[in-house]
Amino acid sequence: MRRLGVMVLGLGLGVAMPMGAVAQAGASWSYEGKQGPLNWSRLDPAYKACANGKEQSPIDIRGARLDKSLPPIEFHYVSGGMTLVNNGHTVQVTPAAGSYIVVGGVRYDLVQFHFHHPGEESVKGKLPDMNIHFVHKSADGKLAVVAVRLNEGNANAVLAALWEHLPKTAGATDKMTESMSPAGLLPTDRGYWTYEGSLTAPPCTEGVRWFIFEQQMELSRDQLKSFAALYKVNSRLQQPTHGRKIEASE
């Protein structure tokens, strides 16, 4: 199903802070029906940015301007156990403490990562089968989200380990005690697109820096079906760019 239109992985943040699929406490919301994205702004005054914001996410990536001066994203992800939570909007994973990225000299700690089906970040109108949003926060509260696009192909070893612990019902949690690094979910080529956007779920807070990897990753058909069985649709449609610039690092 093509989900292009005026609507917004993307950031799903959870952890007592607003971000994508897991947002601040507020009115109940959903991805479908009367509490779906087209009505988010009507559910709670705190959600007004979902309709009135001018820098909403996700957006369709096209017409990016090459800027070779963009800094690389330095990943410092550590191995450890992980906690998985089915929060009713997605499956959110809290990794072991200590993982972070550095971009332009600024450190952003990895808070959590989560999944969207289908993917939220389209490239020239084409959506991936799924995506992962890695949510990071700096010491001064700024948010940076790294998005990885996933399409059906070969199985991913880290996903295989995580999927053994997928909580099947809203509110359920599970722990993966095996030591693994989230870096196994990242592509080898770290070239990216970047733009200023928002959380992709209520309250749709703006001021979020997005980094979307140009290289895609793969997951197997069974891995895709396992998540789709939990969330047939948990993604927001594309939002207007309102003239925002999209830059490419390579």
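The structure we're discussing is the one just above.
As the structure is a computational prediction, the values presented were derived from the model and not from experiment.

## What about the pattern of salt bridges?
And step 1. All told, the structure shown has seven salt bridges when counted by the stated rule.
And step 2. For D60, the salt bridge is made with R62, and the minimal N-O distance between the two is 2.5 Å.
And step 3. When its relative accessible area of 15% is taken as the criterion, D60 is described as buried.
And step 4. Between D109 and R107 there is a salt bridge, and its shortest N-O distance comes to 2.8 Å.
And step 5. Exposure remark for D109: the relative accessible area of 32% places this residue in the partly exposed category.
And step 6. Assessed through its relative accessible area of 43%, R107 is described here as partly exposed.

## Description of the pairing of strand β4 (residues 91-94)
And step 1. Of the pairings in the sheet, the one linking strand β3 (residues 80-86) to β4 comprises four bridges and is antiparallel in character. Directly across from L84, in β4, lies its bridge partner V93.
And step 2. Where β3 folds back onto β4 in an antiparallel hairpin, the turn is made up of four residues, including G88, whose phi is positive at roughly 90°.
And step 3. When β4 meets strand β6 (residues 106-116), the two strands line up antiparallel, connected through two bridges. Directly across from Q92, in β6, lies its bridge partner H114.

## Considerations on helix α4 (residues 221-230)
And step 1. Looking only at α4, the buried set comprises Q223, L224 and F227. The buried residues of α4 all sit within an arc of 100° when viewed along its axis, so they share a single face. Of the exposed residues in α4, the ones pointing more than 90 degrees away from its buried face are R221, D222, K225 and A229.
And step 2. Structurally, α4 contributes buried residues whose contacts are with β4, β6, β7 (130-138), β8 (143-152), α3 (157-163) and β12 (217-219).

## A short note on the nonpolar core
And step 1. Core analysis: the biggest nonpolar cluster contains 38 residues, and F113, F115, F134 and L162 have the highest contact counts within it.
And step 2. Here this core takes five residues from α3, the largest share from any one element.
And step 3. Ranked by size, the runner-up nonpolar core spans 15 residues in total, among them V135, Y195, I212 and A248.

## Quick notes on the state of the cysteines
And step 1. As enumerated under the stated definition, the model contains one disulfide in all.
And step 2. What pairs with C50 in a disulfide is C204, and their sulfur atoms sit 2.1 Å apart. The sign of the 90° torsion about the S-S bond sets the C50-C204 disulfide as right-handed. Separated by 154 residues along the polypeptide, C50 in helix α2 (residues 49-52) and C204 in the loop between β10 (192-198) and β11 (206-213) bring together distant segments of the chain.

## What to know about the pairing of β7
And step 1. Burial of β7 is extensive: eight of the nine residues sit out of reach of the surface.
And step 2. The sheet contact formed by β6 and β7 spans eight bridges and is antiparallel. In the sheet register, L110 faces β7, and the bridge partner there is H136.
And step 3. The sheet contact formed by β7 and β8 spans eight bridges and is antiparallel. Paired with H133 across the strands is A147, a residue of β8.

Basis of the calculations
- Residues numbered from 1 in each chain as written.
- Predicted model: local features only at pLDDT ≥ 70, side-chain atom pairs only at ≥ 80, totals over all residues.
- Heavy atoms only, no water.
- Salt bridge = Lys/Arg side-chain N within 4 Å of Asp/Glu carboxyl O.
- Buried < 20%, exposed > 50% of the residue type's maximum accessible area, 1.4 Å probe, protein only.
- Pairing = 2+ DSSP bridges.
- Helix = DSSP H or I, 4+ residues; strand = E, 2+ residues; numbered from the N terminus.
- Arc of directions from axis to C-beta.
- Contact = heavy atoms within 4.5 Å.
- Core = buried A, V, L, I, M, F, W, Y, C linked by side-chain atoms within 4.5 Å.
- Disulfide = S-S within 2.5 Å.

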